[in-house]
Amino acid sequence: MSKAVLAAIICGAILALLALAALIWFLIWSATTTTTMTFQCHTNDDALWSTVRREYCCANHGIACKVSDPFDCDAGLVNSVIGWADSKRNWCCTNKQKGCSLNKAVHDYDCDAGLANWEHGWSDSKKSWCCAHKDKGCTPKCLTENCDATCYHEVDHKGH
């Protein structure tokens, strides 16, 4: 083999080793480089945030952190009708839409039935539910201390 061919082979091998070293360095560098994401956390639309944004804002600003639920609504769900306390059933139904079957049966009142005699004919729970949900059967409350003034409904969410 001539000296020129041998020099070309050695030169090619050196260039290949340099290229391999550069590739290894690039792969190691890119694997250790992380991209930092930042989010605007001081907005009022946190209900629409992604999980990543919520976790970032909680970790970096203490905003939109998940608050622990007072009840585990999956625990005992199959037996919720007789196995759950009323407080758990009401909270889980209202907040997680779980365990509602008994709530609907107990609290889905016909607020037109007996309306003419609601003060004496309805149970307290029916009065409370119908007032809150149908604006019917509400106990009047006075606007002044002497009760000689105009009265208003105890639960008045419709502006009446």
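So, a few notes on the structure that sits alongside this text. Bear in mind the structure is a predicted one, so any value in this text is a computation, not a measurement. (Residues numbered from 1 in each chain as written. Predicted model: local features only at pLDDT ≥ 70, side-chain atom pairs only at ≥ 80, totals over all residues. Heavy atoms only, no water.)

**Here's the deal with the pattern of salt bridges**
Next, step 1: Under the definition given, this model contains four salt bridges.
Next, step 2: Salt-bridge contacts for Lys 96 lead to Asp 69; the nearest nitrogen and oxygen are separated by 3.1 Å. Here Lys 96, found in helix 4 (residues 86–96), pairs with Asp 69, found in the loop between helix 2 (51–61) and helix 3 (80–83); they are 27 residues apart in sequence, far enough to count as distant.
Next, step 3: Residue Asp 69 is classed as partly exposed on the basis of its relative accessible area, which comes to 33%.
Next, step 4: In this structure, Asp 86 and Arg 89 form a salt bridge, with 2.7 Å as the shortest nitrogen-oxygen distance. Of the two residues, Asp 86 and Arg 89 both sit in helix 4, three residues apart, roughly one turn of that helix. (Salt bridge = Lys/Arg side-chain N within 4 Å of Asp/Glu carboxyl O. Helix = DSSP H or I, 4+ residues; strand = E, 2+ residues; numbered from the N terminus. Buried < 20%, exposed > 50% of the residue type's maximum accessible area, 1.4 Å probe, protein only.)

**Remarks on the state of the cysteines**
Next, step 1: Inspection of the entire model under this criterion finds six disulfides.
Next, step 2: Note on cysteine connectivity: Cys 58 is disulfide-linked to Cys 65, with sulfurs 2.1 Å apart. Its torsion about the S-S bond being 110°, the disulfide of Cys 58 and Cys 65 is classed as right-handed.
Next, step 3: For Cys 65, a relative accessible area of 33% corresponds to the partly exposed category.
Next, step 4: Paired by a disulfide, Cys 111 and Cys 130 hold their sulfur atoms 2.0 Å apart. On the sign convention where negative means left-handed, the S-S torsion of about -90° between Cys 111 and Cys 130 marks this disulfide as left-handed. Pair noted here: Cys 111 is in the loop between helix 5 (101–107) and helix 6 (118–121) and Cys 130 is in helix 7 (residues 124–134), with a separation of 19 residues, a long-range link.
Next, step 5: For Cys 130, a relative accessible area of 0% corresponds to the buried category. (Disulfide = S-S within 2.5 Å.)

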